[in-house]
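Each chain is listed here by its residues.
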Number of protein chains: 2
Amino acid sequence: MNTIEQRVLDAIDIDGMLTYLCDLIAIRSLDGEETEAQRHMAAKMEEIGLDVDMWDIDMEALEQHPAFSAEVERETGVGLVGTLGQELGGRNLIFNGHIDVVPTGDAANWHYPPWQGTIDNGNLYGRGGLDMKGGLCCALYAAKAILDAGIQLKGKLMVESVIGEEDGGTGTLATVLRGYRADGAVVPEPTNMAIITAQAGAMNFRVTVPGYSAHGCMRLEGVSAVEKFIPIYQALLELESHRNENVTHPLLAKHLLPYPLSVGIVKAGDWPSSVPESLVFEGRYGVAVGEDMLAARQAFEEAVIQVAQRDPWLKDHPPTVEWWGGQFESASIPTDHAIVQTVQSAYNQVTNTAPHIEGVTYGADMRLLVNQGQIPTVLFGPGDVRNAHQPDEYVPVADLITVTRSLALTALRFCGYEED
Amino acid sequence: MNTIEQRVLDAIDIDGMLTYLCDLIAIRSLDGEETEAQRHMAAKMEEIGLDVDMWDIDMEALEQHPAFSAEVERETGVGLVGTLGQELGGRNLIFNGHIDVVPTGDAANWHYPPWQGTIDNGNLYGRGGLDMKGGLCCALYAAKAILDAGIQLKGKLMVESVIGEEDGGTGTLATVLRGYRADGAVVPEPTNMAIITAQAGAMNFRVTVPGYSAHGCMRLEGVSAVEKFIPIYQALLELESHRNENVTHPLLAKHLLPYPLSVGIVKAGDWPSSVPESLVFEGRYGVAVGEDMLAARQAFEEAVIQVAQRDPWLKDHPPTVEWWGGQFESASIPTDHAIVQTVQSAYNQVTNTAPHIEGVTYGADMRLLVNQGQIPTVLFGPGDVRNAHQPDEYVPVADLITVTRSLALTALRFCGYEED
């Protein structure tokens, strides 16, 4: 590490970052309700000294884009990018973090107040601290340290604060459509500080299984949609097992189940004494890295059709399959790409350990940066994703420090900087 | 048929009955909302010349009774019995009919207005026309014909208009607790004019199957409550098949499935991408004629426990079984009882055909009259129960006429009457 890098690391304002993260957790930026948090973040970016671009996202135009997907209806949304430096012959870099958070669920399951940051035992608790206002603050305070240390980067460093990641990627798609591009990007999602170069895709599905109503006291005169659901469910589990047999991507192949097909919701009937005339189930369907979305859908639909054709009732009353909400492509970049190597060397320098390079089974905005923006992107951030979307969500403070330091070094090394 | 019987049959006011039935259909007497209909009926009973006993049911006291069961919360309810004649050495008879009706469901599925009686093609359409304001009007107009013909019965004929049959039998239990007893009773539920001397019991159940939540992208870290539900469901179908193998009651044994176990509602999860941490299913469980309720419950619970003991997860996180809402005992009377024989001979006389004597797989207020009131009771009424609780519910007008005539003859022959 040279003296300039050391100066930047020394300039990192950890206390300020933790304070600001707690401020941000206190703003309930659920999907569709991020405007206040975005305005707050824009003011912070101004205060730090970034060039702020805040705009009203043209939702109507965005919704026409083939990569658009959202579960929450929005009429407006705020885009926000804070930029540091200018193009002086170096590379441009994006740090991208989402400001939206998922609901708390039953607040009674929380031991810490969800809408307030609480540091206890070395962890920072609160909704979004981990997923991912924490990572977003690391990015912001890495940029601040470069400014505070008076270093001139040779490329642009753009800090993107985006909305709607949890419900489909509205905010990141909007930055791509506004023209933001770079030679590399880091999304500080909670990866336990592993460097993620590949992610599976995922599609939401809904299957409606028809039955025929009758009073339960003569149930043979009806057809139970629950009974008809079971072979369909079993066929889908078989499909899942088949799709996970010969996984070729080396990083995904390390997972026990790289491409899960998971049923999350089942609903049938509305009266205990009636034979249910319909059952609806919804879930998420893992898409292999590099797999064509249409081919994946066809495999699913065919599994359902095959069950239906073997069943006299379903043959004449076929189940319907809908693809709705999140329809996320997979994404991957080469593990020897400069952005991977730079994050790797930065983390190594900060911690004296080599980072893991991994693939993940979940979707995130990485796919939009890679597939829509053609921006080589890694996920790399503080904390364990297993604690996301849970009560008592937390991020270790030590991780926040390590990631802020690693991102600051990454920016210096990836963009380059003027020597004193 | 003698001249007195003929005089009574001639006195039956069919047009008046159909008009009144249409008036009654127009009063939306859903469970918990029967008071207006009961007041209307009481006025009609007065007008006809019955001695009217209308009272506010003491719901608090009723709820303490072991045979009480209800799905609707009520603070008040109206009891109503209209009596004709007095004890002069003959037998007393009860006609019991419920005035409450089930909701219409989606009105768009109706081709006839649900809250209005419409006669078309020989059928009378409208919610409750079949189940069972029609049968109740038959009973009322049979009593009216006896009065109008000036006949003095030798026993009392009581017309009970009861609430809350659909949700557990509140009104009939209230008549029993008020002291109404007789030597026989007819409940003109829709039986296609078969005489029902035995009915199965039925119990509502709710089973909660625990799972363990995880994100669907790593579903192996969770336990799907849907997956755990399937072997339980299958074990319950096996239990059903076992319980229907050697049915001893001759009338129930004629059914393809005398004691169905039917799952009517299934609900699991609230997010497509989460492994569902709980699944709840509800249904109705057929109780054999003469079967002990507790023994039936134990058989069900043991089937669930056995599955749980074979499953490592369920062993430590056992499903729970609740018995809620309708808990209906079975009921039966000898087929050679006087009330059976009297209805039989009356129907035979009216139609020149022998009635069927049958058992049914569903519960009705018969069980309360038989088991709580010790009143030998049959079901015998107009129309087909398959059309009950359905859109375009209807009752054939010809059945209404036949049943009114049969009930008038039944009253004369069962109670006896003074010769001119």
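On a predicted model such as this, the values are computed, not experimentally measured, just so you know.

A. How the structure looks around helix H7 (residues 225-243) of chain A. Residue and element names in this part refer to chain A. For H7, which comprises 19 residues, the first-to-last C-alpha distance of 27 Å matches the rise-based estimate of 27 Å (1.5 Å per residue) to within 8%. Taken together, the buried positions of H7 are Ala225, Val226, Lys228, Phe229, Ile230, Ile232, Tyr233, Ala235, Leu236, Leu239, Glu240 and Arg243. By the N-cap criterion, in which a side-chain oxygen at the helix start approaches the backbone nitrogen of a residue two or three places on, H7 is capped by Ser224, the distance to Val226 being 3.1 Å.

B. Main features of the pattern of salt bridges. Residue and element names in this part refer to chain B. Taken as a whole and assessed by the stated rule, the structure comprises 34 salt bridges over all chains. Across the salt bridge formed by Asp13 and Lys144, the nearest N and O atoms sit 4.0 Å from each other. Here Asp13, found in the loop between helix H1 (3-11) and helix H2 (14-25), pairs with Lys144, found in helix H5 (residues 129-148); they are 131 residues apart in sequence, far enough to count as distant. Assessed through its relative accessible area of 30%, Asp13 is described here as partly exposed. On the basis of relative accessible area, Lys144 is assigned to the buried category, the value being 15%.

C. Layout of the interface of chain A and chain B. Each side of the interface is counted separately: chain A has 44 residues, and chain B has 44 residues. Summed over both partners, the interface of chain A with chain B comes to about 3600 Å²; 61% of that surface belongs to carbon and sulfur atoms. Along the contact surface separating chain A from chain B lie four salt bridges. Residues B:Glu221 and A:Arg386 are paired through a salt bridge, measuring 2.9 Å at the closest nitrogen-oxygen approach. Run the count over chain A and chain B and you get ten residue pairs in polar contact (both at pLDDT 80 or more). Those elements that provide at least two residues to the side of chain A that touches chain B are H7, strand E10 (261-268) and strand E11 (278-287) of chain A.

D. Seen up close, the domain arrangement of chain A. All names here are of chain A. Considered domain by domain, chain A is made up of domain 1 (3-199 + 330-415) and domain 2 (201-328). Taken together, the contact pairs 18 residues of domain 1 with 21 residues of domain 2. Of the roughly 1200 Å² buried between domain 1 and domain 2 on both sides combined, carbon and sulfur atoms contribute 59%. The largest contributions to the domain 1 side of the interface with domain 2 come from Glu71, Ser330 and Thr361, which together make up 42% of the buried area. Between the two partners, domain 1 and domain 2, sit four residue pairs in polar contact (both at pLDDT 80 or more). Listed by contribution, the elements that provide at least two residues to the side of domain 1 that touches domain 2 are strand E8 (195-199) and strand E14 (357-360). Its residues placed into classes, the side of domain 1 that touches domain 2 shows five nonpolar, ten polar and three charged.

E. Highlighting the confidence of the model for chain A. The predicted model of chain A averages 96 in pLDDT, with 100% of residues at 70 or higher. ipTM for the predicted complex: 0.88, alongside a pTM of 0.89.

F. Structural context of the layout of surface pockets. A volume near 1400 Å³ is recorded for the second largest pocket. Looking at the second largest pocket, it is lined by 49 residues, and the ones nearest its centre are A:His389, B:His215, B:Trp271, B:Ser273 and B:Ser274. Sorting the residues of the lining of the second largest pocket by element identifies strand E9 (201-210) and strand E12 (320-328) of chain A together with strand E10 (261-268) of chain B as the ones contributing at least two each. Looking at the lining of the second largest pocket, the element that brings in the most residues is E9(A), giving three residues. Class assignment for the residues of the lining of the second largest pocket results in 18 nonpolar, 17 polar and 14 charged.

Calculation rules
Residues numbered from 1 in each chain as written. Chains lettered and ligands numbered in written order. Predicted model: local features only at pLDDT ≥ 70, side-chain atom pairs only at ≥ 80, totals over all residues. Heavy atoms only, no water. Helix = DSSP H or I, 4+ residues; strand = E, 2+ residues; numbered from the N terminus. Expected span 1.5 Å × (residues − 1). Buried < 20%, exposed > 50% of the residue type's maximum accessible area, 1.4 Å probe, protein only. Polar contact = N/O pair within 3.5 Å; in protein donor to acceptor, adjacent residues only side chain to side chain. Salt bridge = Lys/Arg side-chain N within 4 Å of Asp/Glu carboxyl O. Contact = heavy atoms within 4.5 Å. Buried area = accessible area lost by both parts, 1.4 Å probe. Domains from an automatic or database assignment. Nonpolar A, V, L, I, M, F, W, Y, C, P; charged D, E, K, R; others polar. pLDDT = per-residue confidence, 0-100. 1 Å grid on protein atoms, 1.4 Å probe; cavity = no way out; pocket = protein on both sides within 12 Å on 5 of 7 lines; lining within 4 Å. Points joined across faces, edges and corners; volume = space filled by probe spheres on them.

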